[in-house]
Amino acid sequence: MDEERRGTWFGFGFCGFGQALGSGLGRQVHSPEPLRTPGGSLDVCRVSASWSYTAFVTRGGRVQLSGAAGGTADGCTDAWASEELLVLLRAGPGAGAELQAWAPGSAMRGDPLWSQAVQEAEHGPSRDETQAGLLPLLPCARAYVSPRPPFYRPLAPTLRARRLELGAEHALLLDAAGQVFSWGAGRHGQLGHGTLEAEPEPRLLEALQGLRMAEVAAGGWHSVCLSETGDIYIWGWNESGQLALPTKSLAEDGKTTAEASGLEEDGSEVKRGSAGEDGAPAPFIAVQPFPALLDLSPGSEAVKVSCGSRHTAVLTSEWGKYGQLGHKDTTTLDRPCRVEYFVDKQLQVRTVSCGPWNTYVYAVEKEKS
Amino acid sequence: MAGPSTLWETLQALLPHTKEELKLELGEKVEGSVLMLLQEAADLFLGGQRRECLQTCEVLLDYSWEKLNTGPWQDVDKDWRRVYAFGCLLKAVCLCEPPGDATSVAAALKACDMGLLMGAAILGDILLKVAAVLQKHLLSGKRPAPGPSQEPPGTKKARNDHVPIPDVTTERTVPRLHCPSLQYFKKHFLVPGRPVILEGVANHWPCMKKWSLEYIQEVAGCRTVPVEVGSRYTDEEWSQTLMTVNEFISKYIREEPKDIGYLAQHQLFDQIPELKQDISIPDYCCLGDGEEEEITINAWFGPQGTVSPLHQDPQQNFLAQVMGRKYIRLYSPQESEALYPHDTHLLHNTSQVDVENPDLEKFPRFAEAPFLSCVLSPGEVLFIPVKHWHYVRALDLSFSVSFWWS
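Residues numbered from 1 in each chain as written. Chains lettered and ligands numbered in written order. Predicted model: local features only at pLDDT ≥ 70, side-chain atom pairs only at ≥ 80, totals over all residues. Heavy atoms only, no water.

Going by the annotation in an unreviewed UniProt entry, the name recorded for chain B is Bifunctional peptidase and arginyl-hydroxylase JMJD5, with Bos mutus grunniens given as the source organism. Quoted straight from UniProt, the Catalytic activity (unreviewed entry) entry for chain B says "L-arginyl-[protein] + 2-oxoglutarate + O2 = (3R)-3-hydroxy-L-arginyl-[protein] + succinate + CO2". (UniProt positions renumbered as here; feature names shortened; annotations may be inferred.)

An unreviewed UniProt entry lists chain A under the name RCC1 domain containing 1, with Bos mutus grunniens given as the organism.

(A) View of the overall build of chain A. Of the regular secondary structure elements, chain A holds two helices and 24 strands. Classification of the 369 residues of chain A by burial places 54% in the buried group. When the accessible surface of chain A is split by element, carbon and sulfur atoms take 50% of a total near 15,700 Å². (Helix = DSSP H or I, 4+ residues; strand = E, 2+ residues; numbered from the N terminus. Buried < 20%, exposed > 50% of the residue type's maximum accessible area, 1.4 Å probe, protein only. Areas by Shrake-Rupley, 256 points an atom, 1.4 Å probe, with all protein chains shown as cover.)

(B) Here's a closer look at the UniProt feature "repeat: RCC" (unreviewed entry) in chain A. UniProt's feature table lists "repeat: RCC" (unreviewed entry) at residues 178-229 and 230-318 of chain A, given in the numbering used throughout. Helix makes up 0% of residues 178-229 of chain A and strand 44%. Its end C-alpha atoms lie 12 Å apart.

(C) Structural detail: empty space enclosed by the protein. All names here are of chain B. Counting across every chain of the model gives three cavities of 30 Å³ or more. For the largest cavity, the calculated volume is near 110 Å³. Lining the largest cavity are 13 residues; nearest its centre among them are Trp 300, Ser 308, Leu 319, His 390 and Val 392. Elements with a minimum of two residues in the lining of the largest cavity: strand 7 (307-311), strand 8 (316-323), strand 12 (389-394) and strand 13 (398-405). (1 Å grid on protein atoms, 1.4 Å probe; cavity = no way out; pocket = protein on both sides within 12 Å on 5 of 7 lines; lining within 4 Å. Points joined across faces, edges and corners; volume = space filled by probe spheres on them.)

(D) Geometry of the confidence of the model for chain A. Residues and elements named next belong to chain A. Across chain A, the average pLDDT comes to 78, with 75% of residues at or above 70. No element of chain A has a lower mean pLDDT than helix 1 (residues 248-252), at 68, and none a higher one than strand 15 (residues 180-184), at 97. Predicted confidence for residues 257-280 stays below pLDDT 50, and this span has 37 contacts to residues more than four positions away or in other chains. Confidence drops under a pLDDT of 50 for residues 318-325, and excluding neighbours within four residues, the segment shows 44 contacts in the predicted structure. (pLDDT = per-residue confidence, 0-100. Contact = heavy atoms within 4.5 Å.)

(E) A look at the packing of helix 4 (residues 78-95) of chain B against helix 5 (residues 102-118) of chain B. Residues and elements named next belong to chain B. One way to put it is that helix 4 packs onto helix 5 with a least axis distance of 8 Å and a crossing angle of 170 degrees. Between helix 4 and helix 5, the interaxial angle falls into the category roughly antiparallel. Counted together, Arg 81, Tyr 84, Ala 85, Cys 88, Lys 91, Ala 92 and Leu 95 of helix 4 and Ser 104, Ala 107, Ala 108, Ala 111, Cys 112, Met 114, Gly 115 and Met 118 of helix 5 form the full contact between these two elements. The residue inventory of the contact of helix 4 with helix 5, partitioned by class, reads 11 nonpolar, two polar and two charged. (Axes fitted to C-alpha atoms, helices over the stretch in contact; angles between N-to-C directions. Parallel < 35°, antiparallel > 145°, perpendicular 65-115°, else oblique. Nonpolar A, V, L, I, M, F, W, Y, C, P; charged D, E, K, R; others polar.)

(F) Summary view of the packing of aromatic side chains. This model, assessed by the stated rule, comprises 36 aromatic pairs over all chains. Taking the centre distance of 4.7 Å and the plane angle of 50 degrees together, the rings of Trp 211 of chain B and Phe 399 of chain B count as tilted. Taken together, the residues Trp 211 of chain B in the loop between helix 8 (206-210) and helix 9 (213-220) and Phe 399 of chain B in strand 13 connect sequence positions 188 residues apart. One aromatic cluster in this structure is built from Phe 14, Phe 17, Trp 51 and Trp 357 of chain A together with Tyr 63 and Trp 80 of chain B. (Phe/Tyr/Trp six-rings, centres within 6.5 Å; stacked < 30°, edge-to-face > 60°.)

(G) Broad picture of the pattern of salt bridges. One pass over the full model with this rule turns up 29 salt bridges over all chains. The shortest N-O distance in the salt bridge between Arg 82 of chain B and Asp 79 of chain B comes to 2.5 Å. Taken together, the residues span about one helical turn, with Arg 82 of chain B and Asp 79 of chain B both in helix 4 at a distance of three residues. For Asp 79 of chain B, a relative accessible area of 8% gives the class buried. The partner of Asp 354 of chain B in a salt bridge is Arg 232 of chain B, with the nearest N and O atoms 3.0 Å apart. One end of the pair, Asp 354 of chain B, is in the loop between strand 9 (326-331) and strand 10 (372-376); the other, Arg 232 of chain B, is in the loop between strand 3 (224-229) and strand 4 (239-244), and 122 residues separate them in sequence. We classify Asp 354 of chain B as partly exposed; its relative accessible area is 27%. Here the residues in one salt-bridge network are Glu 199, Arg 203 and Glu 206 of chain A, joined through shared partners. (Salt bridge = Lys/Arg side-chain N within 4 Å of Asp/Glu carboxyl O.)

(H) Representation of the sheet that holds strand 16 (residues 199-204) of chain A. Residues and elements named next belong to chain A. Taken in spatial order, the four strands of this open sheet run 13-14-15-16, and their pairing is antiparallel. Edge positions in the sheet fall to strand 13 (161-166) and strand 16, since each of these pairs with one other strand and no more. Between one strand and the next, the sheet's axes are offset by a mean angle of 15 degrees, whatever the strand orientation. Sheet topology note: the strand 14 (residues 170-175)/strand 15 ladder contains five bridges and is antiparallel. In the sheet register, Leu 172 faces strand 15, and the bridge partner there is Ser 182. (Pairing = 2+ DSSP bridges.)

(I) Just the nonpolar core, in detail. The biggest cluster of nonpolar side chains holds 56 residues, and the ones touching the most others in it are Trp 51 of chain A together with Val 34, Leu 90 and Leu 134 of chain B. Sorting the residues of this core by element identifies helix 1 (4-14), helix 2 (32-46), helix 3 (50-68), helix 4, helix 5 and helix 6 (126-140) of chain B as the ones contributing at least two each. Of the residues forming this core, the biggest block, 11 residues, is contributed by helix 4 of chain B. Counting 48 residues, the second largest nonpolar core, distinct from the first, contains Ile 216, Phe 248, Tyr 252 and Phe 403 of chain B. (Core = buried A, V, L, I, M, F, W, Y, C linked by side-chain atoms within 4.5 Å.)

(J) Region of the structure containing the environment of Val 229 of chain B. Residue and element names in this part refer to chain B. Structurally, Val 229 is set in strand 3. Val 229 sits in the buried class, given a relative accessible area of 11%. For the pair Val 229 and Gly 261, spaced 32 residues apart in sequence, the C-alpha to C-alpha distance is 4.5 Å. Here Val 229 is in contact with Glu 237, Trp 238, Ser 239, Thr 241, Tyr 252, Asp 259 and Ile 260, once residues within four sequence places are set aside.

Right, dumping it as structure tokens:
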């Protein structure tokens with residue numbers, strides 16, 4: 001295994017509460033900036049961003065908050081930030097662990113809102129320094145945490161959950177066999193079962209059967225998953241182009257260049273989606289209730305995916321490509337656009353983690369070959 | 001008439017001048033981080049920092065918009081709608097900072113309308129007052145009655161319509177009564193749930209004489225309203241969008257429309273109280289259990305050809321026809337099985353059958369289901385009993401007003 005190169009975290013997007021995003025000047029950062037976390041340079045291994053604050057977890061087990069909520073706590077193995085709750089996983093006495101839910105404004109002082117002893121995972125995960133934590137899924141994978149009551153939600157043991165993500169009104173689960181389940185409200189197509197109906201219990205995504213998924217990510221009202229072979233499937237609400245499909249608001253302004261099929265301008269099979277001959281707005285997709293395969297440039301494979309409220313970020317293996325934010329402006333885009341910053345600086349991105357309105361990226365310098 | 005500085009002064013006079021007054025009483029659902037932003041927006045506004053205030057308003061609007069789109073609309077906490085309205089209010093006033101050109105004022109009015117459509121009442125219905133001021137200002141700069149023709153609605157020259165006007169003489173028609181007494185109506189129609197057309201009840205409402213395309217454009221032209229686009233709401237290509245009444249009329253009524261646009265099921269009279277003066281609440285509504293304030297009044301305004309697929313509603317309905325005629329078919333709730341309602345939760349109150357072009361192979365029982373029909377004309381009021389299935393097609397440019405009561 002090659003020697004670990006220490007990398008740097010970058011952030012871009014909304015920082016209206018002064019959460020550590022680069023310089024933190026003003027309310028938005030349009031181009032990636034290196035993170036300056038409060039308290040000096042920390043060995044951050046995980047970032048969990050809520051809307052008004054961000055939680056940083058270091059390799060040393062410290063959790064540091066930045067933004068509308070502040071404070072630090074030690075002895076933590078994982079943290080999950082939401083507006084209603086800050087959830088911490090702390091190493092407990094002996095082999096156990098403790099799940100704690102704190103009011104974000106408490107600065108983690110005093111008593112948590114509630115706490116519960118939880119089982120550790122059956123086998124400790126071999127932790128890559130930038131491995132995403134499991135929260136809101138609990139280490140035992142038998143339950144997850146919700147920001148709204150009931151806070152502790154059991155999962156059927158048959159599900160063998162590996163990862164779980166929560167959207168504004170739905171949930172996605174990835175199991176040990178690479179299958180994806182979804183449940184919750186479905187009115188924006190975010191469940192992926194082809195209807196707008198709600199599902200009270202986890203339901204298997206039949207459209208993806210036979211494909212082994214490696215990751216899932218949930219945005220506010222959209223869902224993304226990444227297959228073991230590097231393909232991205234995406235579904236749900238496309239009101240801001242978060243599905244990389246032509247969106248109405250851009251179609252009407254004649255600004256969309258995506259078409260419902262074939263997104264790349266590589267010369268093959270591109271249909272111009274901008275204003276048609278008769279001046280009618282381009283066709284657009286508002287809601288995608290079935291998983292759709294996302295076309296990145298030919299030959300590239302996706303390795304990581306993360307969602308904000310209304311944006312999507314995808315990391316590919318070659319050059320570190322992303323969607324939407326980080327392009328030095330605030331234009332909404334409905335096709336994948338590479339974040340050139342990382343290419344220009346010769347940085348290789350290792351992981352991406354989205355908050356609702358911003359994006360955090362961990363990158364190392366490319367090896368000079 | 002009024003210059004931009006007078007507009008600004010008028011608006012300032014409407015708004016509170018102190019931090020204590022420019023404040024919302026909010027419950028626990030609204031997080032501390034949002035309360036901070038509300039405070040910041042108010043401080044910036046009162047401090048005259050309009051550009052920064054606008055930025056903070058955008059954040060408030062985007063965040064509360066997400067809350068408004070989470071979960072079913074009925075379950076959205078009213079406080080989030082108040083936050084949204086507050087953002088719209090400050091945004092609207094900031095946009096009118098002198099020199100307030102017509103584009104900025106129109107944008108400000110749009111912000112007010114968004115607050116009225118999606119927000120909840122704040123600060124003594126201040127959005128209505130601000131909207132009225134802005135509308136007046138916009139109109140004072142314009143020539144009266146825009147629009148190419150003054151012809152009364154309904155006499156539009158023939159477009160290529162093959163509008164089939166159903167021959168209702170071959171169908172069983174809805175009975176008609178002239179001003180029945182409250183007791184008679186209750187005994188013979190309300191209690192047994194039977195449809196009836198009431199004549200002589202609404203024909204003297206001011207709207208019957210006053211309303212025309214020109215009048216509507218005058219009173220509501222620059223206001224933003226929701227419009228349904230597509231032949232019917234059960235279609236895949238159906239969508240909802242927002243536009244001003246002027247845009248709606250020019251795009252979907254006057255010019256050769258490519259699509260059907262329908263200003264449907266919109267509480268226009270809450271948004272534009274001036275229009276409420278032209279209508280009345282039918283006396284028969286007092287036979288219900290609810291309060292008068294709880295009666296939902298909707299406007300239905302659209303070109304010839306709009307269709308509402310066969311569906312049922314959970315309340316009693318008086319449908320008053322003001323402009324143009326509508327063909328309406330009614331099926332009793334007892335026939336529900338023969339009407340093949342969708343089995344999804346979203347559409348369980350809507351029939352799968354296209355009433356005037358039914359697929360009888362797929363829906364065989366539909367052919368035998370008995371129904372009543374009518375052509376509803378201006379001045380007439382149709383009583384649609386609760387849960388009674390109804391199908392509506394506009395035979396002309398049409399404006400109807402519905403009253404949902406219990």
